[in-house]
Amino acid sequence: MFTSFHEPATDGLRLLYSKDAYHWEDLNQVFLKPEIGSQKVMRDPSIVQGPDGVYHLVWTSSWKGDKGFGYASSKDLMNWSAQQFIPVMQHEATTVNVWAPELFYDDEEKQFIIIWASTIPYRFEKGIEEEQNNHRMYYTTTKDFKTFTPTKLFIDPGFSVIDAVIVKRAQQDYVLVLKDNTRPNRNMKVAFAKHPLGPYNQVSDAFTPHLNRRSIGSKSS
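What comes next concerns the included structure. Worth saying up front: this structure is predicted, and the values here are computed from it rather than measured.

1. Section: the side chain of Thr-119
By the secondary structure assignment, Thr-119 is in strand E9 (residues 111–119). Given a relative accessible area of 0%, Thr-119 falls into the buried group. For Thr-119, the side chain forms a polar contact with the main-chain nitrogen of Asn-134, separated by 3.4 Å. Excluding its chain neighbours within four sequence positions, the residues that come into contact with Thr-119 are Thr-94, Thr-95, Val-96, Asn-97, Glu-131, Gln-132, Asn-133, Asn-134 and His-135.

Written out as structure tokens, the structure reads:
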């Protein structure tokens with residue numbers, strides 16, 4: 001299954017399916033309409049199924065202005081819980097945005113990890129990026145989506161970074177796929193760690209051409 005959205009992202013969650021992971025079919029319907037956030041959009045939806053079979057969904061709820069993201073859960077991808085706003089950056093008054101929350105289930109620590117990109121102006125070196133577009137990745141963890149650990153910095157690779165995804169290859173073998181969002185780069189890189197929370201060191205050179213944000217706006221589950 002693949003989660004997605006259609007611009008301008010006001011309709012809601014869409015799902016695609018494939019039998020070979022190469023050819024995808026759009027189910028052509030909306031499964032959850034966004035109801036929270038200052039702009040009430042649903043961008044960058046990310047779904048993970050927990051060990052109890054419940055699906056957990058997080059998404060970008062606004063381009064700018066929100067200090068958190070949307071959350072809902074479902075047992076069948078059809079009937080959803082009440083939507084919640086998770087204010088993960090409320091402690092940072094100057095936060096510009098909370099983009100592309102990505103879920104990862106840590107089967108060793110038995111917890112969910114959520115990472116996302118936020119800009120806090122004048123916090124980090126920015127290169128040629130504007131202060132309002134100088135992202136770093138942050139994270140929180142939860143076991144029940146009711147209580148969350150305090151937000152912490154996930155990775156500062158020395159450049160504006162968004163749309164990161166954690167992939168487990170084996171025990172103590174994790175890959176972080178990330179987007180260097182600095183102009184004119186706009187390309188994909190990887191880093192490696194022994195733990196899903198890092199530290200992720202030695203970020204690779206780019207392995208893709210320049211990308212725009214919409215090129216990787218969808219998420220797989």
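Back to the write-up after that little detour.
2. So, the environment of Met-42
For Met-42, the position within the fold is in the loop between strand E3 (25–26) and strand E4 (43–49). Linking Met-42 and Asp-106, residues 64 residues apart in sequence, is a C-alpha distance of 25 Å. Look past the residues within four positions of Met-42 in its chain and what remains in contact with it is Phe-5, Ala-9, Gly-12, Leu-13, Leu-32, Pro-34, Leu-57, Trp-59 and Thr-60.

3. Let's talk about unusual backbone geometry
In this structure, Pro-184 follows Arg-183 across a cis peptide bond, with omega equal to 0°. The residue Pro-184 is located in the loop between strand E13 (173–180) and strand E14 (187–193) in this model. Pro-199 follows Gly-198 through a cis peptide bond whose omega is 10°. For Asp-44, which is not glycine, the phi torsion reads 55° and is therefore positive. Mapped onto the elements of the fold, Asp-44 is located in strand E4. Residue classification places Asp-44 among the buried residues on the basis of a relative accessible area of 1%.

4. Side note on the packing of aromatic side chains
On inspection of all chains with the given rule, the structure shows ten aromatic pairs. Ring geometry for Phe-104 against Tyr-174: centres 6.2 Å apart, planes inclined by 80°, an arrangement best described as edge-to-face. You can see Phe-104 sitting in strand E8 (residues 99–106) and its partner Tyr-174 sitting in strand E13, a full 70 residues away along the chain. Of the two residues, Phe-104 and Tyr-174, neither departs from the other in class, the shared state being buried. Ring pairs connect the aromatic residues Tyr-71, Tyr-105, Phe-112, Phe-145 and Phe-148, which therefore count as one cluster. Above the face of the Phe-159 ring, Lys-189 is positioned so that its terminal group lies 4.5 Å from the ring centre.

5. A look at the nonpolar core
Across soluble globular proteins, you tend to see nonpolar side chains buried next to one another. Among the nonpolar cores identified, the biggest contains 21 residues, and Ile-115, Met-137, Phe-154, Ile-166, Leu-176 and Tyr-200 are the most heavily contacted of them. Elements supplying a minimum of two residues to this core: E8, E9, strand E10 (135–142), strand E11 (152–155), strand E12 (161–170), E13 and E14. Not counting chain neighbours up to four residues away, the residues in contact with Tyr-200 comprise Phe-154, Ile-155, Ile-166, Tyr-174, Val-175, Leu-176, Ala-191, Phe-192, Ala-193 and His-195. Within the second largest apolar cluster, 17 residues are counted, among which are Met-89, Val-98, Trp-116 and Phe-145.

Conventions and cut-offs
- Residues numbered from 1 in each chain as written.
- Predicted model: local features only at pLDDT ≥ 70, side-chain atom pairs only at ≥ 80, totals over all residues.
- Heavy atoms only, no water.
- Helix = DSSP H or I, 4+ residues; strand = E, 2+ residues; numbered from the N terminus.
- Buried < 20%, exposed > 50% of the residue type's maximum accessible area, 1.4 Å probe, protein only.
- Polar contact = N/O pair within 3.5 Å; in protein donor to acceptor, adjacent residues only side chain to side chain.
- Contact = heavy atoms within 4.5 Å.
- Phe/Tyr/Trp six-rings, centres within 6.5 Å; stacked < 30°, edge-to-face > 60°.
- Lys NZ or Arg CZ within 6 Å of the ring centre and 35° of its normal.
- Core = buried A, V, L, I, M, F, W, Y, C linked by side-chain atoms within 4.5 Å.

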